[in-house]
Each structure stands twice: as C-alpha cells, then as structure tokens.
Amino acid sequence: MKATGIVRRIDELGRIVIPKEIRRILHIREGDPIEIYTSDDSVVLKKYARVRELGEYAETYCQALCGALGFSAAVADTETVLYAAGPLKKRLSGLTLSASYTEKMCQKQALREQDGYLLSQNTESFKTVAAVPIIINGDVAGSVLFVSDDTRLSIGEPELAVLKTASLYLAKQLEE
C-alpha cells in the first residue's frame, strides 16, 4: 500500500469521503460499487469488478472463442484485461485499457478497428481490435474482445455477432 498523507474523519453516520484526487487516479465515479475488506488493523477499500466473479470460467470461454475463430480473445472489466487466451495472451493479460476504449464501452457501443488501435494506456497497439460491452442491469461491467496482430485476419459481422453473443451470455451468468 502507498501512503497518501491524507487523513479524513468519519462523520456521525460512519461515512468517510474519498478525496477527489484519489477518485480521479483510481477512476472511481459516483455510484461505483466499492468492496470493503479488513486486514489486521486496516480497512481496505477496493473498486468492485463484477466480471472478476467469472474466474476460470471466463478464461475457458476465452480459450473457446480463440479456438473457434483464431483471434486472441479476452474479457476485461471497465479498466483492465482480466482473462485472455491465444497468441497475444501475455501482452493482453493485465493490460490497462485506454481512456478512449473505456469511453467507447461506457457508451454501450461495439468497437471494430483495423490498421492499428491503441488499446492501452501503455501505448500497446494491435492491428485488429473488436470489442462489445458486457452490460448487467443497464450498467457496463466490462467487455469481451477479439485482438490480432495478423494483418490477414479481419473482423466482420459474423465475428461481431459472436462477441455480442459472448457478451450477452457472460452478462446472464453474472445476473443470476
């Protein structure tokens, strides 16, 4: 843990305000769910990512998508790639997603880009990217992606339909 030097008091209702600069750095917006943990004598707040609940199931699903269509496949929460399969697995796993990608997913729109797309904040670029948001109860919880560096692979309507199906299926798993 990193010390911030910020001290806050708990009000009479037991509430504490997370400083604006910390919310900005961690991309915490009004209404975002926060998990609360205790550890020894500490209280730890963590941004809640519902997609993490899929666990190994999401990784197996990515492997199936990759095997069926040849693209590297991934499942991400709203900020980070959590699960990946395929030739680009090492580059994708744990990748912090770019603000433009996150914004597109928050608009609940599918993304399809050819000829290089800046997917991450660390200037990680890929030849082909397609993604569809995972929407649970009207809120974007993450996304399902196809990614490739092979210029011979292109993403058409059938591949987008597969991503939309995957997104709907994963959302249904999280709703139950």
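Residues numbered from 1 in each chain as written. Predicted model: local features only at pLDDT ≥ 70, side-chain atom pairs only at ≥ 80, totals over all residues. Heavy atoms only, no water.

Trainee: What's the story with the sheet that holds strand 9 (residues 139-148) in this structure? I'm lost.
Mentor: With antiparallel pairing, five strands are arranged side by side in an open sheet as 4-3-9-8-5. The sheet is open, and its two borders are formed by strand 4 (81-85) and strand 5 (111-113), each paired with just one other strand. Across this sheet, the average inter-strand angle for adjacent strands is 15°, counted without regard to direction. Where strand 3 (residues 72-76) meets strand 9, five bridges bridge the pair, whose relative direction is antiparallel. Looking at the pairing, Val75 lines up with Val144 of strand 9. Against the sheet, helix 4 (residues 99-106) contacts strand 5, strand 8 (128-136) and strand 9, and its axis sits at roughly 125° relative to strand 9. (Pairing = 2+ DSSP bridges. Helix = DSSP H or I, 4+ residues; strand = E, 2+ residues; numbered from the N terminus. Axes fitted to C-alpha atoms, helices over the stretch in contact; angles between N-to-C directions. Contact = heavy atoms within 4.5 Å.)

Trainee: Before we go on, may I ask you to explain the packing of aromatic side chains in this structure?
Mentor: Geometry of an aromatic ring pair is reported as the spacing of the ring centres plus the angle between the planes. Overall, the coordinates contain four aromatic pairs when judged by the stated rule. Ring geometry for Tyr61 and Tyr169: centres 5.7 Å apart, planes at 15°, overall stacked. A residue pair is termed long-range when its members are at least 10 positions apart, and Tyr61 in helix 2 (residues 56-69) and Tyr169 in helix 5 (residues 157-175) qualify at 108 residues. Judged by its relative accessible area of 36%, Tyr169 falls in the partly exposed class. Where Phe71 meets Phe146, the ring centres are 5.3 Å apart and the plane angle is 20°; that geometry is what we call stacked. Taken together, the positions of Phe71 in the loop between helix 2 and strand 3 and Phe146 in strand 9 put the pair 75 residues apart, joining distant regions of the chain. Phe71 sits in the buried class, given a relative accessible area of 2%. (Phe/Tyr/Trp six-rings, centres within 6.5 Å; stacked < 30°, edge-to-face > 60°. Buried < 20%, exposed > 50% of the residue type's maximum accessible area, 1.4 Å probe, protein only.)

Trainee: Would you take a moment to explain empty space enclosed by the protein for this structure?
Mentor: Taking a probe equal in size to a water molecule and rolling it over the atoms shows the remaining empty space. Counted according to the given criterion, the structure contains one cavity of 30 Å³ or more. By volume, the largest cavity is sized at about 40 Å³. Surrounding the largest cavity, Asp77, Thr78, Leu97, Tyr101, Thr102, Met105, Cys106, Val140, Gly142 and Ser143 form its lining. Broken down by secondary-structure element, the contributors of at least two residues to the lining of the largest cavity are helix 4 and strand 9. Ranked by residue count, the leading element in the lining of the largest cavity is helix 4, at four residues. (1 Å grid on protein atoms, 1.4 Å probe; cavity = no way out; pocket = protein on both sides within 12 Å on 5 of 7 lines; lining within 4 Å. Points joined across faces, edges and corners; volume = space filled by probe spheres on them.)

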